[in-house]
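Per-entry structural report
For reference, the chains in residue letters:
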Amino acid sequence: MSFNYQGAPVYNPNSQDVLGPSTWSSFGHALLATALFRCWHILIFFGAWSTAICVISHNVHSLALQPTLITVFGTVLGFVISYRTTSSFERYNEGRRLWSQIVLGSRTFARTVWLHIPDNAYPNGQALPDQQKEEYKAKTLIEKKSVMNLLEAFAVAVKHYLRGEDGIYYEDLYYLVKFLPTYALPPTIPSVGTSMDQGSRGGAPAPGELPLPTTAPTPSLRVTTFATDNTLHVDGRPQKGEKLSTGPEDLLPAMNPPKYSLFDLFPFSLVVRLLTKDGVDKKGLNVKGRRAARRRAAMRNHRGRHSYNIPLEISLYLGSYVSALQSRKTVVDAPTTTVLLATITQLVDALTGLERILTTPIPFSYSIHLWLVTVVYCLALPFQVWSTLKWFTIPATVLASFIFFGFLVAGEEIENPFGYDKNDLNMDHFVHNIIRQELRAIMAMPTPDPGAWAFSSENDLLFASSDKEEHVSPSEWVQRGIPRMRDALKQQ
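Residues numbered from 1 in each chain as written. Predicted model: local features only at pLDDT ≥ 70, side-chain atom pairs only at ≥ 80, totals over all residues. Heavy atoms only, no water.

1. Some details on the overall build of the protein chain
Stated precisely, the cut-off is as follows: Working definition: helices are DSSP H or I runs of at least four residues, strands are E runs of at least two. Numbering for both runs from the N terminus. Contacts: residue pairs with any heavy atoms within 4.5 Å of one another. Only the protein chains shown count as cover for residues, with accessible areas throughout obtained via the Shrake-Rupley method and a probe of 1.4 Å.
Scanning the protein chain from N- to C-terminus turns up 15 helices and two strands. A sequence separation of at least 24 residues applies to 73% of the contacts in the protein chain between residues at least 6 apart. Entry remark: accessible area of the protein chain is about 25,800 Å², with carbon and sulfur atoms responsible for 62%.

2. Re the packing of aromatic side chains
Inclusion rule: Each Phe, Tyr or Trp ring, with Trp reduced to its six-membered ring, pairs with another whose centre is within 6.5 Å; inter-plane angles below 30 degrees give stacked pairs, above 60 give edge-to-face pairs, and intermediate values give tilted ones. For the exposure calls, accessible area comes from a 1.4 Å probe over protein chains only, and a residue counts as buried if that area is under 20% of its type's maximum, exposed if over 50%, partly exposed in between. Put simply, a charge is over a ring when the Lys NZ or the Arg CZ is close to the ring centre, within 6 Å, and near the line of the ring normal, within 35 degrees.
A complete count under the given rule lists 12 aromatic pairs for this structure. Ring geometry for Trp371 and Phe405: centres 5.5 Å apart, planes at 45°, overall tilted. In this pair, Trp371 is assigned in helix α10 (residues 364–389) and Phe405 in helix α11 (residues 393–414), connecting sequence segments 34 residues apart. For the pair shown, Trp371 and Phe405 are each scored as buried. What links up through ring pairs into an aromatic cluster is the set Phe45, Phe46, Trp371 and Phe405. Across the ring face of Trp114, the terminal group of Lys144 is positioned such that the distance to the ring centre comes to 5.1 Å. Positioned above the aromatic ring of Tyr122 is the side chain of Arg328, whose terminal nitrogen or guanidinium carbon lies 4.2 Å from the ring centre.

3. Section: the packing of helix α4 (residues 130–162) against helix α12 (residues 427–443)
In plain terms, the rule: For every element, the axis is a line fit to its C-alpha atoms; helices are fit only across the contacting stretch, and the angle between N-to-C directions ranges from 0 to 180 degrees. For classification purposes, angles smaller than 35 degrees are called roughly parallel, those larger than 145 roughly antiparallel, those between 65 and 115 roughly perpendicular, and all remaining angles oblique.
At a closest axis distance of 10 Å, the pairing of α4 and α12 adopts a crossing angle of 180°. By the angle between their axes, α4 is roughly antiparallel relative to α12. Along its contact with α4, which presents Lys145, Met148, Leu151, Glu152, Ala155, Val156, Lys159 and Leu162, the element α12 presents Met427, Asp428, Val431, His432, Ile435, Arg436, Leu439, Ile442 and Met443.

4. Concerning the side chain of Glu415
Here is the rule we go by: Two N or O atoms form a polar contact when they lie within 3.5 Å of each other; inside protein one atom must be a possible hydrogen donor and the other a possible acceptor, and for residues adjacent in sequence the pair counts only when both atoms belong to side chains.
With respect to the element layout, Glu415 can be found in the loop between α11 and α12. Engagement of the side chain of Glu415 in a polar contact is seen with the side chain of Arg84, the distance being 3.2 Å.

5. Here's the deal with the pattern of salt bridges
A pair can form between side chains of opposite charge whenever their charged atoms are brought close. What counts here: The term salt bridge refers to a pairing of a side-chain nitrogen on Lys or Arg with a carboxyl oxygen on Asp or Glu at a separation within 4 Å.
For the coordinates displayed, the defined rule picks out 11 salt bridges. A salt bridge links Arg356 to Glu94; the shortest N-O distance between them is 2.2 Å. Of the two residues, Arg356 sits in helix α9 (residues 334–359) while Glu94 sits in helix α3 (residues 68–116), which places them 262 residues apart along the sequence. Overall, Arg356 belongs to the partly exposed group, its relative accessible area being 44%.

6. Description of the nonpolar core
In summary, soluble globular proteins display a tendency toward joint burial of nonpolar side chains. Worth spelling out the cut-off: In plain words, nonpolar cores are sets of buried Ala, Val, Leu, Ile, Met, Phe, Trp, Tyr and Cys residues tied together by side-chain atoms within 4.5 Å.
Within the largest apolar cluster, 59 residues are counted, with the highest numbers of intra-cluster contacts made by Trp99, Ile102, Val177, Ile314, Leu318 and Phe418. For this core, the secondary structure elements donating two or more residues are α3, α4, α5 (174–177), α8 (310–327), α9 and α12. For this core, the element with the most residues is α4, which contributes 12 residues. With near-sequence residues (within four places) excluded, Phe418 lies in contact with Gly95, Trp99, Leu162, Arg163, Leu354, Ile357, Leu358, Asp424, Leu425 and Met427.

7. Considering the confidence of the model for the protein chain
Rules: Predictor confidence is given residue by residue as pLDDT, running from a minimum of 0 to a maximum of 100.
Per-residue pLDDT for the protein chain averages 75, and the proportion of residues at 70 or more is 69%. In the model of the protein chain, strand β1 (residues 2–3) stands out as the element of lowest mean pLDDT, 38, in contrast to α9, which has the highest, 93. Counting interchain partners and residues more than four positions distant, the pLDDT-below-50 stretch residues 191–246 has 127 contacts. Contacts of residues 300–306 to residues separated by more than four positions or lying in other chains number 41 contacts, the stretch itself having pLDDT below 50.

8. Considering the environment of Pro382
Positionally, Pro382 belongs in helix α10. C-alpha separation for the pair Pro382 and Trp49, spaced 333 residues apart in sequence, amounts to 8.4 Å. Not counting the four nearest positions on each side in its chain, Pro382 is found in contact with Trp49, Ser50, Ile53, Thr393 and Thr397.

9. Observations concerning the side chain of Asp424
Tracing the chain through its elements places Asp424 in the loop between α11 and α12. By relative accessible area, which is 4% here, Asp424 ends up buried.

10. Things to note about a nonpolar patch on the surface
Here is the rule: Candidate patch residues must exceed 30% relative accessible area and have no salt bridge, after which like charges are joined if within 9 Å and Val, Leu, Ile, Met, Phe, Trp or Tyr side chains if within 5 Å.
Taken together, the side chains of Leu36, Phe37, Trp40, Ile44, Leu399, Phe402, Ile403 and Phe407 make up a nonpolar region of the molecular surface, amounting to roughly 730 Å² of accessible area. Among the secondary structure elements, those contributing two or more residues to the nonpolar patch are α2 (36–59) and α11.

11. Comments concerning the packing of α2 against α11
What counts, and what does not: For any pair of crossing helices, the crossing counts as left-handed if the nearer helix is rotated counterclockwise from the farther one by less than a right angle, and right-handed if it is rotated clockwise. For this scheme, ten residues count as nonpolar: Ala, Val, Leu, Ile, Met, Phe, Trp, Tyr, Cys and Pro. Four count as charged, namely Asp, Glu, Lys and Arg, and the remainder, Gly too, count as polar.
One can describe the packing of α2 onto α11 by two numbers: an axis separation of 8 Å at closest approach and a directional angle of 150°. Comparing their axes, α11 and α2 come out roughly antiparallel. Crossing of α2 against α11: the hand is right-handed. On α11, the residues that touch Leu36, Arg38, Cys39, Ile42, Leu43, Phe46, Gly47, Ser50, Thr51 and Cys54 of α2 are Thr393, Ile394, Thr397, Val398, Ser401, Phe402, Phe405, Gly406, Val409 and Glu413. Of the residues contributing to the contact of α2 with α11, the split by class is 11 nonpolar, seven polar and two charged.

12. Some thoughts on unusual backbone geometry
A positive phi angle, near 55°, is found at Lys390, a position not held by glycine. Locating Lys390 in the fold gives a position in the loop between α10 and α11. For Lys390, a relative accessible area of 42% gives the class partly exposed.

Structural data, given as structure tokens:
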């Protein structure tokens, strides 16, 4: 048994452990997903602090204080932390709802395109030879398949966009959109306006060099062929129909989680924004760690690099397909195009909502003040409970610290649920296991004909009553006529 990037178990049906995970692996996976894994270092600190207070109070001089303020401050702090966690969960829940909206829009758009667009979506104003009709049908099928691929690419691009992974050079995205020219769209994510060196990781790629995402572990050159200054846009994508040759070895993986670093641990995690500027240090290099990667994702346009809103570009091409259908007048009826346009609006609305969650973090002053107040409260706790609990002050302080800081770290983790943490939304599941698989299932068959499946001989219980199951085929019911069908319906 192995584990995926989020730590979830992946079973091998050929292994001996086919019945499921062992007890220990399940316990370990659950432990890593809890707040204990994120605040264990804080508990060790306060355990050592309370131990020192207890030793001094027992052997040297009593440091006990009156516990008058414990109840008052503890109650107020509990309410504030509860509000903080609730706000984070609302963001998490809204992110999940918006991804459900993308799934719904993808299903609606795919069903409408594949079933309601005719096999020949080109106007037939006059009699055409059979060869021309077949050519139009082939072109229509290519258009529909390309649009279905763009529909999948939209979800994939949203996933990378929310993770701060710029560009199109990923295994699950490149082949779906490599033929599309780029739009000169303004950056959607605000810029921090810092400088950069050309060709460095995260900066504007040099000619023949593919851009790296903000979560890429190491810089490397992506050498391409048939690409020159005249055939590349600033993001390395081809223009004017020029081809850009890229092999699988040039593409980044679909999942590229950053590694943990010192800046993910307390107390360094509190000063990431002070020591670094939006995940980038003074030398212009990306700071390691998941916290810094999250910050770069929220401030996408770091170091002067343009952030291309790939999902929004794809939505424009989806709209161009609907516009082409409308220009063909009598080919597609108005309700069908209305549904397609409404679905595109639904997808863009979900994208805009996800951007709002990503770019609207909890205010820094509120977050740091809450952390400082919690730290002061837990530091003062041993002094106030020593006279009552004595040596039980140590586990009591550790337990209180786990309660307060557990809610804090859990709230920080889920306020931006688009990364690679264990409790983040599993966007790869939405994209690959839901949208991609459903699109392929829809495209695997031509438009079902009711004349075939409704009149199948297996549909022999069509008018069967509850007390009598008469096996009659649809063709025989047609011969019996409508009055017999009405009588059978009354007896059901």
